[in-house]
Structure formats: structure tokens, C-alpha cells
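The chain contents come next:
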Amino acid sequence: MKQLWGSRFSKQLSKSTNDFNSSLSFDKKLYKYDIKGSLAHAKMLFLQGILNEEEYNLIEKGLNEILDEINSNKIDFDCDFEDIHTFIEKHLTDKIGSAGKKLHTARSRNDQVALDFRMYVKDELNNINTKLVSLIKTLINLQKEHTETVMPGYTHLQRAQAITFAHHLGAYVEMFKRDVSRIKDTYKRTNSNPLGSCALAGTTYDIDRYKTAEILGFNDICLNSLDGVSDRDFAIESLSSLSIIMMHLSRLSEEIILWSSKEFDFIKIDDSYSTGSSLMPQKKNPDIAELIRGKTGRVYGSLVSLLTVMKSLPLAYNKDMQEDKEPVFNAFETVSACLDILPEMLETMTVNKDNMLKACYKGFLNATDVADYLVNHGIPFRDSHEISGNAVRYCIENNKTLDDMTLEEYKKLNSLFEEDIYSFIDIKKTLEKRKTTGAPSSTAVKEIIKINEDWIKENE
Ligand code: ARG
């Protein structure tokens, strides 16, 4: 095939070079953005008097037809064009003749690809945010059901102090809220129009870059033509935000996997979101959560891949940058799929409240409260910590819990202990005393749920 730039060459491209060089197999994904960008560019050229009305009308009609034809699978991408930009321009020229050849006036594929890619990333960032907000809504609904569901809180994966399930889920609400704000921030820096940077050094034509920005919904333009064609920060920032989302999703997935094991037995994943084993008939596996955990690897991989592609690249455009698209496409698709399935799995799981509560009675979760009891009676915390530690050791040696030690046994450790120690260290009561903002008592958690419901209204 004759290339758009073929005249300078005396030989045709070899088939292997063409295959190796072509990005059509993946950048075909950008066809809508490429056409939208070309429509805006043509309109601006017309408004600036660079295209006449007849030429502009032909280009507009031709591009819209191509869009319809691709949408209805009348044109397929199974061909050896170099990329989506060449593909669409050739189809346009075949359709409308020489007016089509004028479309590329004051434009290069370098600013064209930067534009298409930014438009794609902007849409995908919005898509991810919509899905994050619905995940947060699901979590808040679950929180509302579980403000009284007592469970152990952990450090070092050892039972530490009693919390509620609502409080535990609330930690993820905060993580995903930060993700939303990170994505919004990334969006701001993606929202500048590179078109008009041309190959690297702008153009001699009197174009209006602000006009194309306005038509395409960008709120600014890239202010340096070299940067306009060679900046991929917006893609790297997106991958970084997506990686952090996956890190959060993987932590939640890991907990779901642990909680659904017989060792914990805190939740049951619904049958429709788990699989069995072809060998062991009894097995029910948390595949969805495991896959989300596993897919975190490929999103991190995409980030590292693009950072490495961009490392040390001299200005401005280099063909290396064609390698920017696949990792970004893959990461957006992966995160989007994870965000689709996770809320469904959360909504359908069963919470085993009894086992969560039972777990709080093993592991001395109220040992801090024994110490606090003595602090209330004037003993310095360091000393009361030691006395409580002695109580725990006594219980371990005598196979008891802090709740079933007798008052006599308590008094042997310190004479200040009285009958009211039992209600003071009652797991549910200790929890209700943790009322400060951000703490796990149901009162405190309900306060935060309200704040976050307002957040949802502002971010929907
Ligand atoms: N397919 C190319 C890419 O994805 C488009 C830009 C090509 N520019 C060029 N001068 N070869 O980066």
C-alpha cells in the first residue's frame, strides 16, 4: 500500500516493517475520538477561512458517514493501514476526493494522536469515577445495616480491639473517596487541547486553537507545541490513580478471601459469585475476589511499562510513544470490570454476625479496657498496662478470659478492682464508649455516614 508519506521513498515498505509499525490493531479503539477531533479541526479551518464552505461541508458529511459505517460494522479494520488516523483519512479521501486531502492542513498525526488519546482518557476517567461512586454507595448501604455488627479489629492480623463491621467498611469508603478526588485531579491536567502543536513546532497557518478546544470541550490548550505532542503525563497519572484504586480493591478482596475462609467464617459469598473445584466436591472458592487481587498486577505493570517507555525520551514525538496506548486501554478496562463486579458481590454476600461477635471473645480484645479501668482509678497508664498484661498472662495460663476471671482473682492483681469491672470491659459496652469522631461506636459511625451521604450528593 502507498503510505501517506510515501513520495520521499523510492521503495515500498516491506510487509514485515508494515506489520511491525502498524498500530491499527489497537488504536482503532480511538476511531470516535479521531473523527470527533477531525470534525472540530475542519470546522476551525473553515471558520478561519482556510477551508471553503463546500470543502468543509463535504468533509463534515464524509466523516459522519464514516462514523456511521464503522458503528454499524460496514467498514472493518482488517487491513494494513499504519494507524487509525491514516485509516480514516484514506477512507475520507476515497469518499469525497481532494477536499479530504485538505483536512490534514495545519495538523500532524503527532498532535492528532495526542488529542485522540486525551479525549479517550477524559471519558474513561469519568467512567471510572461514576463506578467508584456507586461502589461507595454500596459500601454505605452495607454500613447502615451493620452499625451494630461487632467484629474484631486487627493489627498484624491479630485480634486487637472490638470494632463494628460498618466501621471496617468505612475505612474503604474513605479510600475510594480519595480515589475519586485523585481521578478528578488527573482529569484537570488531561483537559488541555494539544491540537495545533502540529508535528512539533506549530504552524504557519492562522489557526484558532482555542476554538477547537471549545468545540471539543477542553478548558485550556497546551501552551508549548513540543510539550503538546510529547506529554504523556496525563496517561501516567491516570495509571497511577488506577494503580492506587487497584491497591485498595486488592486489600478489600484479600479481606473478603480471608473472611470467607472457614478459619474466619465471617461472611458467605453468594453462590452466583463463587466457583467450585473440578476435583474437590466440597469446595467453594472466592474467585472473583482472587481475580481482582490478581489483576492488580497487570495495572501496576501498565504504570511501570509507560513510565519506562517515557523515561529519557528526547523531545518531541518519538515512535516509542506508540507503545503508550495498550497499557492504558488495558488498565482502564481492567479497573472498570473490577468496579462492575465488586458491588454485586458485596450486595449479595451474607454476614455471619454471630461469628464476628464470637471472635471478639477470644483474644483479650478488652485488655486495653482493663487498663483504662485502673487509669480511671488514678493508676498511671504505663502501670495499669502492666497489670492488665499480668491479667492476660494469668488467663492464658489458666485457660480463662478477662470476662470470666473472678473478682478475687482481679483483686489479687490490684485491690482497686470492683464488681463494676465486668460491665466496664463488656465488649459491646467498650465499643459504645469509642465515640470520638472517626471511632467505631455506632453513634460515631452514623455521624460519618451522614457526612458521606452528603459527599455522594456532591459527587454523583
Ligand atoms: N500511531 C502513532 C502513535 O500511536 C501516531 C503518530 C505517528 N506519528 C508519526 N510521525 N509517525 O503514536
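Our subject is the structure that appears above.
Quick summary incoming for the structure in this document. (Residues numbered from 1 in each chain as written. Predicted model: local features only at pLDDT ≥ 70, side-chain atom pairs only at ≥ 80, totals over all residues. Heavy atoms only, no water.)

Looking at the side chain of His248
1) Next: Locating His248 in the fold gives a position in helix H11 (residues 233-259).
2) Next: His248 gets classed as buried once you look at its relative accessible area, which sits at 4%.
3) Next: Setting aside residues up to four positions removed in sequence, His248 forms contacts with Tyr172, Met175, Phe176, Asp179 and Arg182. (Helix = DSSP H or I, 4+ residues; strand = E, 2+ residues; numbered from the N terminus. Buried < 20%, exposed > 50% of the residue type's maximum accessible area, 1.4 Å probe, protein only. Contact = heavy atoms within 4.5 Å.)

What to know about the state of the cysteines
1) Next: The tally for this structure, following the rule as stated, stands at zero disulfides.
2) Next: Cys198 provides the cysteine sulfur closest to Cys222, a residue in no disulfide bond, and the two sulfurs are 12 Å apart.
3) Next: By relative accessible area, which is 6% here, Cys222 ends up buried.
4) Next: Unpaired in terms of disulfides, Cys395 finds its nearest cysteine sulfur in Cys360, a separation of 16 Å. (Disulfide = S-S within 2.5 Å.)

Describing the side chain of Asn110
1) Next: Mapped onto the fold, Asn110 is located in helix H7 (residues 109-145).
2) Next: We classify Asn110 as buried; its relative accessible area is 16%.
3) Next: When neighbours within four sequence positions are excluded, Asn110 is seen to be in contact with Cys198, Ala199, Val229 and Tyr317.

Some details on the site of the ligand
1) Next: In the neighbourhood of the ligand, the contacting residues comprise Ser23, Asp27, Asp83, His85, Arg109, Asn110, Val113, Tyr317, Gln322 and Lys325.
2) Next: Ser23 has a polar side-chain atom sitting 3.1 Å from a nitrogen atom of the ligand.
3) Next: In this structure, Lys325 approaches the ligand through a side-chain N or O atom, which is 2.7 Å from an oxygen atom.
4) Next: Taken together, the residues of the shell around the ligand break down into two nonpolar, four polar and four charged. (Near = heavy atom within 4 Å. Polar contact = N/O pair within 3.5 Å; in protein donor to acceptor, adjacent residues only side chain to side chain. Nonpolar A, V, L, I, M, F, W, Y, C, P; charged D, E, K, R; others polar.)

Details of the environment of Tyr187
1) Next: As for its placement among the helices and strands, Tyr187 is situated in helix H8 (residues 165-190).
2) Next: Considered as a pair, Tyr187 and Leu4 are 183 residues apart in the sequence and their alpha carbons are 33 Å apart.
3) Next: Filtering out sequence-adjacent residues up to four positions away, Tyr187 remains in contact with Lys122, Leu125 and Asn126.

Quick notes on the pairing of strand E1 (residues 150-155)
1) Next: Here E1 runs beside strand E2 (residues 158-164); their pairing, made up of six bridges, is antiparallel. Pairing of Val150 across the sheet is with Thr164, part of E2.
2) Next: Counting the residues between successive antiparallel strands, the hairpin from E1 to E2 contains two residues, one of them, His156, with a positive phi of roughly 55°. (Pairing = 2+ DSSP bridges.)

Observations regarding the packing of helix H3 (residues 31-47) against helix H9 (residues 209-216)
1) Next: Here H3 crosses H9 at 140°, and the two axes come no closer than 9 Å. By the angle between their directions, the pair H3 and H9 is classed as oblique. Considering the relative orientation of H3 and H9, their crossing is right-handed. Each of Lys36, Gly37, Ala40, His41, Lys43, Met44 and Leu47 in H3 lies in contact with H9, whose residues at this interface are Lys211, Thr212, Ile215 and Leu216.
2) Next: Of the residues contributing to the contact of H3 with H9, the split by class is five nonpolar, three polar and three charged. (Axes fitted to C-alpha atoms, helices over the stretch in contact; angles between N-to-C directions. Parallel < 35°, antiparallel > 145°, perpendicular 65-115°, else oblique. Left-handed = near helix turned anticlockwise from the far one by under 90°.)

Here's the deal with the pattern of salt bridges
1) Next: Inspection of the entire model under this criterion finds 27 salt bridges.
2) Next: Salt bridges here are not isolated pairs; linked through shared partners, they connect Lys61, Glu65, Glu69 and Lys95. (Salt bridge = Lys/Arg side-chain N within 4 Å of Asp/Glu carboxyl O.)

Some points on the packing of aromatic side chains
1) Next: Following the criterion strictly, the structure yields 17 aromatic pairs and no others.
2) Next: Plain terms: the ring middles of Tyr120 and Phe332 are 5.9 Å apart, the flat faces sit at 80° to each other, and that makes the pair edge-to-face. Remark: Phe332 occurs in helix H13 (residues 325-348) and Tyr120 occurs in helix H7; sequence separation between them is 212 residues. Each of the two residues, Tyr120 as well as Phe332, counts as buried.
3) Next: Aromatic pair Tyr410 and Tyr422: ring centres 6.0 Å apart, planes at 75°, arrangement edge-to-face. Taken together, the residues Tyr410 in helix H17 (residues 407-413) and Tyr422 in helix H18 (residues 421-424) connect sequence positions 12 residues apart.
4) Next: By relative accessible area, which is 22% here, Tyr422 ends up partly exposed.
5) Next: An aromatic cluster is present here, built from Tyr33, Phe117, Tyr120, Phe234, Phe329 and Phe332 joined pairwise through their rings.
6) Next: Geometry around Phe424 places Lys433 over its ring, the cationic atom sitting 3.4 Å from the centre. (Phe/Tyr/Trp six-rings, centres within 6.5 Å; stacked < 30°, edge-to-face > 60°. Lys NZ or Arg CZ within 6 Å of the ring centre and 35° of its normal.)

Re a nonpolar patch on the surface
1) Next: A cluster of nonpolar side chains, namely Leu200, Leu226 and Leu315, defines an oily patch on the protein surface of about 270 Å² accessible area.
2) Next: Take Leu226: it is sitting in helix H10 (residues 225-230).
3) Next: Judged by its relative accessible area of 30%, Leu226 falls in the partly exposed class. (Patch = residues over 30% accessible without salt bridge, like charges linked within 9 Å, V, L, I, M, F, W, Y side chains within 5 Å. Areas by Shrake-Rupley, 256 points an atom, 1.4 Å probe, with all protein chains shown as cover.)

A few points about H9
1) Next: Regarding H9, the residues found buried are Arg209, Thr212, Ala213 and Leu216. For H9, the arc enclosing every buried residue in end-on projection is 105°, short of the 170-degree limit, so these residues lie on one face. Across from the buried face of H9, at angles greater than 90 degrees, the exposed residues are Tyr210 and Glu214.
2) Next: On its buried side, H9 packs onto H3, H7, strand E3 (192-193) and strand E4 (220-221).
3) Next: Among the residues of H9, the N-terminal cap falls to Asp208, whose side-chain oxygen and the backbone nitrogen of Tyr210 are separated by 3.1 Å.
4) Next: Just downstream of H9 lies Gly217, where phi reads positive at about 80°. (Arc of directions from axis to C-beta.)

Digging into unusual backbone geometry
1) Next: In this chain, Leu315 is followed by Ala316 through a cis amide linkage whose omega measures 0°.
2) Next: Among the structural elements, Ala316 can be located in the loop between helix H12 (287-310) and H13.
3) Next: Here Asp265, not a glycine, exhibits a phi torsion of approximately 55°, which is positive.
4) Next: Following the sequence through the fold, Asp265 ends up in the loop between H11 and strand E5 (267-268).

By themselves these figures say nothing about function.
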